[in-house]
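Understanding the architecture of this molecule
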Amino acid sequence: MQSHADSYYAASAHSVLDHPALHDNLEVDVCIVGAGITGCSAALNLAERGYKVAVLDSHKVGWGASGRSGGQMIFGYACEQHTLKKLVGDTVGRQLWDISIEALTQMRQRIDKHNIHCDLANGHLHAAVKPRHMKELESWANSLRQDYGYDSLEMWSKEQVRGQMSTEAYLGGLYDSASGHVHPLNYTLGLAQAAAEAGAQFFEYTPATRIEQGEHPVVHTPHGVVRCRHLLLCGNAYLEGIAPDIERKIMPVGTYITATEPLGEERARQLIANNMAVADINFVLDYFRLSADHRLLFGGRVSYSGLDPVNLADSMGKRLRHVFPQLKGVKQAYTWGGYVGITMNRAPHFGRLNGNVYFAQGFSGHGIALTGMAGSLMADAIAGSAERFDLFSRIPHHDFPGGRLLRTPALVLAMTWYRLRDLL
Ligand SMILES: Cc1cc2nc3c(=O)[nH]c(=O)nc-3n(C[C@H](O)[C@H](O)[C@H](O)COP(=O)(O)OP(=O)(O)OC[C@H]3O[C@@H](n4cnc5c(N)ncnc54)[C@H](O)[C@@H]3O)c2cc1C
């Protein structure tokens, strides 16, 4: 059986509980398909409210993107606020913005309340690689301050960035003290443990192979059937074949991370003195941070084909040394990847099928914090307060043309344009 992806996170995970596979028929209030942050967050919230909850995952809790990610918890949405406002108008845009900020607060509160050991650290920098990036970041910061009073942002010059990071790669950046980073697998496992303690039942190695919608949805698995009143689909980029209407709206895109061997505290702090997370603002971006045991975790590259890039570790090493040439000769201990689910407009895709089947997907690479809110907004909707969940259904979404395989060429064309733009 495939356990967690071979990564630095799997190697440093704690409290990995083993949950049984489902070998029975079950009747619950809510069945959740997918035990990433979205599914675990919903399970926690619902179990705390007294619902009988079953969570199914085809692999292990946290096996998907939630247990592999860069761990960067960042304000806002992947599509950026001005795009969101164009899609839904100023009022709903503002409400959605508030939810993205609440997502950061909720994450910190849950880590604290449930005593989740996940190496939470503060601070995030959006780094500028080109002069036009500085202008974009400045105008972004100004509008977030003026329109929403978001005041934890600071524009940094090249010298200020150099004061915190030993690299010449950036011309400056936008620092946010309210954002930060975590060990994403330990965070996900901690949420799942809290949900289990509140009464949610988890079943691992239990793929949902077919769903029947209706007043009482039925979820079929290889060795048992779950009947429920509400069904939550939280499989995101890994959901395949059970809900084609929503699967057509997202495209799984591979992204990758390499972790160095431990560098020692002093050398690590020379790279990033204040221990913030960093991402540049190219469309195909580099993102990196230090781990609690003083490694550099460096992410980037993408694959649209479903296949990992050839010579992945070498090419990740080149990117890493482009930013930090002083790491020449340092060993890369782990390299891994996973899928993000991106939508055509890069705004998240939440909604319902048939009234009682809820879904939240398409975080477009910006989901560590928002997934937590996605889960609790679904729980709120089931408990009778659907207003905030339903705000997301105001965002218009288009199918990727063709089936799962044919989605790729259209996206590659679009991405080629963005990649070219990265070079300008
Ligand atoms: C390499 C990488 C780096 C990233 N870096 C960042 C970052 O720094 N910051 C950020 O905000 N976001 C980042 N992301 C995105 C972020 O990780 C995701 O948006 C988020 O984790 C999605 O969580 P989820 O719970 O919706 O889905 P997932 O965590 O992918 O969980 C889905 C689960 O559903 C299960 N599943 C699917 N289908 C079925 C089925 N039929 N039956 C049963 N189970 C099923 C899967 O096994 C999986 O465990 C990154 C993603 C990747 C891959």
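Residues numbered from 1 in each chain as written. Predicted model: local features only at pLDDT ≥ 70, side-chain atom pairs only at ≥ 80, totals over all residues. Heavy atoms only, no water.

**A closer look at the nonpolar core**
Note the following rule: Take the buried Ala, Val, Leu, Ile, Met, Phe, Trp, Tyr and Cys residues and link them wherever side-chain atoms come within 4.5 Å; each set so joined is a nonpolar core. Relative accessibility thresholds used throughout: buried, under 20% of the residue-type maximum; exposed, over 50%; partly exposed, between the two (1.4 Å probe, protein chains only). Note on contacts: a residue pair is in contact if any heavy atoms of the two residues lie within 4.5 Å.
Membership of the largest hydrophobic core comes to 82 residues, with the highest contact counts inside it found for I32, L46, F75, L96, F202 and L232. Ignoring sequence-local partners within four residues, the contact set of I32 consists of G39, A42, A43, L46, V53, A54, V55, L56, L232 and C234. The next biggest cluster of nonpolar side chains, apart from the first, holds 23 residues, and it includes A127, Y170, V278 and V330.

**Section: the packing of helix 4 (residues 90-113) against helix 11 (residues 370-382)**
Angle between the axes and distance between the axes are the two parameters that describe a pair of packed helices. Selection rule: Note on geometry: axes are C-alpha line fits, over the in-contact stretch for helices, and angles between N-to-C directions span 0 to 180 degrees. Secondary structure counts use DSSP, requiring at least four H or I residues in a row for a helix and at least two E residues in a row for a strand, with both numbered from the N terminus. When an angle is under 35 degrees it counts as roughly parallel; over 145 it counts as roughly antiparallel; between 65 and 115 it counts as roughly perpendicular; any other value is oblique. Note on residue categories: nonpolar means Ala, Val, Leu, Ile, Met, Phe, Trp, Tyr, Cys or Pro, charged means Asp, Glu, Lys or Arg, and polar means any other residue, Gly included.
Between helix 4 and helix 11, the shortest axis-to-axis distance is 8 Å and the interhelical angle comes to 90°. Between helix 4 and helix 11, the interaxial angle falls into the category roughly perpendicular. For the pair formed by helix 4 and helix 11, the contact residues are I99, E102, A103, Q106 and R110 on the first element and L370, G372, M373, S376 and L377 on the second. Among the residues making up the contact of helix 4 with helix 11, the classes are represented as five nonpolar, three polar and two charged.

**Some thoughts on the site of the ligand**
Convention followed: Any residue with a heavy atom lying within 4 Å of a molecule or strand is counted as near it. Pairing of N or O atoms within 3.5 Å defines a polar contact, subject to two protein rules: one partner must be a possible hydrogen donor and the other a possible acceptor, and residues neighboring in sequence count only if both atoms are side-chain atoms. Per-residue accessibility takes into account occlusion by the displayed protein chains alone, with areas from the Shrake-Rupley method and a 1.4 Å probe.
In the vicinity of the ligand there are 39 residues, among which T38, D57, S66, G70 and Q72 approach most closely. G70 is positioned such that a nitrogen or oxygen atom in its backbone is 2.8 Å from a nitrogen atom of the ligand. Between the ligand and Y238, the relevant distance is 3.5 Å, taken from a nitrogen atom to a main-chain nitrogen or oxygen of the residue. When the free accessible area of the ligand is taken as 1000 Å², the share hidden by the protein chains comes to 97%. If you list the elements that add at least two residues to the shell around the ligand, you get helix 2 (37-48) and strand 17 (332-343). With three residues, the single largest contributor to the shell around the ligand is strand 17.

Purely geometric numbers; function is a separate question.
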